[in-house]
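Tertiary structure, described
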Amino acid sequence: MMKSIACCLVLLFSSRRHHTVAFAPSVVSSNAVGRSQALYLSLGNGIPEASNEWGIPDSNLLPPLASAPSPSLANGGRITLVGSGPGDPDLLTISAYRLLTEKPDALVIADRLVSKEILDLIPGEIKVARKLPGCAELAQEEIYWLSYQALNQGKHVIRLKIGDPFVFGRGGEEVLKFRKFGVEPTVIPGVSAAFSAPLLGSIPVTHRGVSNQVVMCTGYGREGTSPDLIQYHKEQTIVFLMAVGRLRELCQRLTSMAGYPTKTPVAIVERAGCPNQRTVVGTMETIADLAEKHNVKPPSTIVVGEVVNVMLDTDKCTGESITGLIQNMTATSLV
């Protein structure tokens, strides 16, 4: 069990203002977990004992803080679920921007992939969820526990999620959980990366005569499973979110099981809208190698289909579409 604790607690949660603090695996011990559990049990009667290796109570067993969901608890505790968009602060909604910059007393619980540029706007306390493969479910329980504690203390919790909370973001699950706590969250939508990231990479998800339909997919199903495959259609665009970690497997399955030609264009838009945005372009058979070569990381949006090449310049010598790492989708040279 200690191996599991060391693996997952390294990047579990960071309480930050401008700097991220991570816990080193060497200092994680059963004593540390015991102290953490004692802290968790300090709220008083009715809190269940910890039921996992992180020392976190099961959120399903936490007693409700009100008899029925309402926008605000008697002590003033409330929660707002906010979409942060793809990463550029200029793409925040006005409501989201005002909430994040004008509430210094609120506790912001942010997704791990919310951009630094957005986090730097926040004047108050921030806790950053460090969801990593193999730790996602426990990290989600940590989010619920932190939210519960803050609500019980009468705080305004801002649950800040990347993109739009309800597009593969567990937004609906979190609303249902917070209702069980006795709070009806306020929801502020965000700009989903499913459409904004391709646009920021100069890729139109639809184009007359090229693509007349768009399908959004996630790279991971429940408990890390692979989602059902979308069968190939020439005039179709598929946008994958949260899939760069299993890109090679995804491409192999699409070509072997879903009928995709190996030459089907594929693009990855990494950190869309941020100063360090990058776009990598290839095909089903080359994109995984290109992603490894250029060390592509989340958050990244994957676009599959002929639309990838619609606005892409061609090589002057060969006449073929440019591939590789491209700083600007309309650039004439590779980086």
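Residues numbered from 1 in each chain as written. Predicted model: local features only at pLDDT ≥ 70, side-chain atom pairs only at ≥ 80, totals over all residues. Heavy atoms only, no water.

Quick word on the overall build of the protein chain
To be explicit about the condition: Every helix listed is a DSSP run of H or I at least four residues long, and every strand listed is a run of E at least two residues long, numbered separately from the N terminus. The cut-offs for exposure are 20% and 50% of the maximum accessible area for each residue type, with area from a 1.4 Å probe on protein chains only; residues under the lower value are buried, those over the upper are exposed, and the others partly exposed. In what follows, residue pairs with any heavy atoms lying within 4.5 Å of each other are defined as contacts. Accessible areas in this description were obtained via Shrake-Rupley with a 1.4 Å probe; residue shielding takes into account the shown protein chains only.
Of the regular secondary structure elements, the protein chain holds 9 helices and 12 strands. For the protein chain, buried positions account for 48% of its 335 residues. Of the contacts made within the protein chain by residues no fewer than 6 positions apart, 66% connect residues no fewer than 24 positions apart. For the protein chain, the accessible surface area stands at approximately 15900 Å², while carbon and sulfur atoms represent 54% of it.

A short note on the pattern of salt bridges
Rules: The working definition used for a salt bridge is a side-chain nitrogen of Lys or Arg within 4 Å of a carboxyl oxygen of Asp or Glu.
On inspection of all chains with the given rule, the structure shows 14 salt bridges. For the salt bridge of Arg 271 with Glu 117, the shortest nitrogen-to-oxygen distance reads 3.8 Å. Here Arg 271, found in the loop between β9 (265-270) and β10 (278-283), pairs with Glu 117, found in helix α4 (residues 116-119); they are 154 residues apart in sequence, far enough to count as distant. Residue classification places Glu 117 among the partly exposed residues on the basis of a relative accessible area of 26%. Two residues, Glu 292 and Arg 248, come together in a salt bridge whose shortest N-O distance is 3.1 Å. Taken as a pair, Glu 292 in helix α9 (residues 287-293) and Arg 248 in helix α8 (residues 247-257) lie far apart in primary sequence, 44 residues in all. A residue is classified by how much of its surface remains accessible, and Glu 292, at 56% relative accessible area, is exposed. Bridged by salt links that share partners, the residues Asp 111, Arg 159, Lys 161 and Glu 174 form one connected network.

Topic: the pairing of strand β2 (residues 78-83)
For clarity, the cut-off: Here a strand pair is declared whenever DSSP counts at least two bridges between the two strands.
Among the 6 residues in β2, 5 count as buried, and that is most of the element. Here β2 pairs with strand β5 (residues 156-161) via 6 bridges, running parallel. From the neighbouring strand, Gly 83 faces β5, where its bridge partner is Lys 161.

Some points on helix α5 (residues 136-152)
For clarity, the threshold we go by: In a helix, the anticipated span is given by 1.5 Å times the number of residues less one.
When the terminal C-alpha atoms of α5 are compared, their 24 Å separation across 17 residues agrees well with the 24 Å that a helix rising 1.5 Å per residue should span. For α5, the buried fraction is high: 14 of the 17 residues fall into the buried class. At the C-terminal side of α5, Gly 154 shows a positive phi close to 80 degrees.

Some details on a nonpolar patch on the surface
In plain terms, the rule: Residues form patches when they are more than 30% accessible in relative terms and have no salt bridge. Like charges link within 9 Å. Nonpolar side chains (Val, Leu, Ile, Met, Phe, Trp, Tyr) link within 5 Å.
Residues Phe 168, Phe 195, Met 216, Tyr 220 and Met 242 make up a contiguous nonpolar surface patch of roughly 450 Å² in combined accessible area. Residue classification places Tyr 220 among the partly exposed residues on the basis of a relative accessible area of 33%.

Structural measurements only, silent on function.
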